[in-house]
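In case you want the letters, here they are:
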Amino acid sequence: MKVEILEKCPACQSAAIEKYTEIPDFYFSREVFPIFFCKDCGLKFTQNRPAEEEIGRYYDSANYASHDSEKKYNLFSLVYKSARDYMLNQKFNLVRQFKPEWKKVLDYGTGEGYFTEYLLNKGKEADGIEPSQLARENFKKRTGKDLYPDLRELPEGKKYDAITMWHVLEHIHQLPQTMEQLVSRLNEKGVIAIAVPNQNSQDLREFGVHWAAWDVPRHLYHWEAGSLTKFMNSQGMKKVYSGQLPLDPFYIGMISAGYQGKSAISGLFKGLKSYFHGKSHPEEGSTLLSIWMKP
Ligand SMILES: [Zn+2]
């Protein structure tokens with residue numbers, strides 16, 4: 001298998017990197033991956049990572065929840081669907097707050113395309129990008145519309161009022177290059193919304209190596225507010241909002257408790273603790289949610 005050993009920080013290109021810890025892939029492969037740390041920008045990143053063309057084998061597509069399109073009519077799927085609809089609405093309202101006149105929107109890494117579909121239903125001119133062919137086919141069956149496989153396929157010169165990246169930035173191999181292209185697709189005063197797992201969260205302190213959002217090697221980067229701010233500022237973007245996604249700590253709590261061999265209920269209680277911590281500490285939620293504006 002093709003493995004990438006990074007000799008420089010993938011965000012700021014500094015050579016001042018060192019090993020921080022090791023984390024097992026509890027979800028799928030049981031392989032252990034070193035986590036490195038950049039002394040300049042503070043980013044933590046997965047070392048010895050599978051190359052972009054190889055990482056697909058680390059997604060057990062039948063179970064990776066956010067990539068799951070099979071209709072299973074059981075209680076879990078019902079709860080999952082209600083939660084998803086609630087989150088779509090939360091995300092939509094958040095972006096609207098910072099870009100009330102938004103019309104053209106790009107959902108980068110849209111997965112099964114539920115947010116793109118939601119935007120279309122709300123009358124937005126929405127495009128979605130998703131590398132998974134299966135996900136694009138499912139979207140086409142549902143909506144009759146196409147997703148783009150890649151940034152390069154977008155109509156030439158098309159610009160957007162808002163770009164959304166919900167749990168995507170931690171998966172992008174070509175990190176600065178991709179962000180540079182995204183920023184260039186943004187209108188003046190356009191916004192980028194980013195949600196990533198937060199290294200500086202109550203639930204990481206609670207679960208340690210079992211914290212589900214390490215999710216190596218699928219998660220290539222392990223952000224917190226400081227490293228994300230340095231990276232986005234280096235791309236010319238200014239932060240206008242920080243907060244958390246309300247359901248994520250419960251989801252992460254349940255999965256992490258499972259990795260520890262403990263009950264889902266105990267995970268929900270830890271999720272609740274993390275949720276309240278994140279409410280009073282906006283940059284310490286389970287998920288770091290932020291909005292960035294192009295000057
Ligand atoms: Zn760095």
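Note: the structure precedes this text.
Please read all numbers here as calculations on a predicted model, not as lab measurements.

Peer 1: What is the right way to read the sheet that holds strand β11 (residues 238–243) from this model?
Peer 2: Sheets are built from strands that pair by backbone hydrogen bonding, the pairs being arranged parallel or antiparallel. Strand order in this open sheet of six strands is β7-β6-β8-β9-β12-β11, and the pairing throughout is mixed. Edge strands, defined here as strands with exactly one partner in the open sheet, are β7 (125–129) and β11. On average, each strand axis in the sheet is inclined to that of its neighbour by 15°, with strand direction left out of account.

Peer 1: What am I meant to see in the packing of helix α7 (residues 248–259) against helix α8 (residues 264–280) here?
Peer 2: The description of two helices packed together rests on the angle between their axes and the distance between the axes. At a closest axis distance of 7 Å, the pairing of α7 and α8 adopts a crossing angle of 140°. If you check the angle between α7 and α8, you find them oblique. Crossing hand, α7 versus α8: right-handed. Residues Pro-249, Phe-250, Ile-252, Gly-253, Met-254, Ser-256, Ala-257 and Gly-258 of α7 touch α8, and the partners they reach there are Ala-264, Ser-266, Gly-267, Leu-268, Lys-270, Gly-271, Ser-274, Tyr-275 and Gly-278. Of the residues in the contact of α7 with α8, the class split is eight nonpolar, eight polar and one charged.

Peer 1: Mind showing me how you'd approach unusual backbone geometry here?
Peer 2: Of all residues except glycine, most have a negative phi; of all peptide bonds, most are trans. With an omega of -5°, the peptide bond between Val-216 and Pro-217 qualifies as cis. Locating Pro-217 in the fold gives a position in the loop between α5 (202–207) and β10 (221–222). Although it is not a glycine, His-167 adopts a positive phi angle of roughly 55°. The topology assignment puts His-167 in the loop between β8 (160–166) and α4 (175–184). Since 19 C-beta atoms lie within 10 Å of it, His-167 is described here as partly exposed. Unlike most non-glycine residues, Lys-189 shows phi in positive territory, near 65°. Relative to the assigned elements, Lys-189 resides in strand β9 (residues 186–197). What makes Lys-189 exposed here is the crowd of 12 C-beta atoms within 10 Å.

What counts and what doesn't
Residues numbered from 1 in each chain as written. Predicted model: local features only at pLDDT ≥ 70, side-chain atom pairs only at ≥ 80, totals over all residues. Pairing = 2+ DSSP bridges. Helix = DSSP H or I, 4+ residues; strand = E, 2+ residues; numbered from the N terminus. Axes fitted to C-alpha atoms, helices over the stretch in contact; angles between N-to-C directions. Parallel < 35°, antiparallel > 145°, perpendicular 65-115°, else oblique. Left-handed = near helix turned anticlockwise from the far one by under 90°. Contact = placed C-beta atoms within 7 Å. Nonpolar A, V, L, I, M, F, W, Y, C, P; charged D, E, K, R; others polar. Buried ≥ 20, exposed ≤ 12 C-beta atoms within 10 Å, placed from the backbone.

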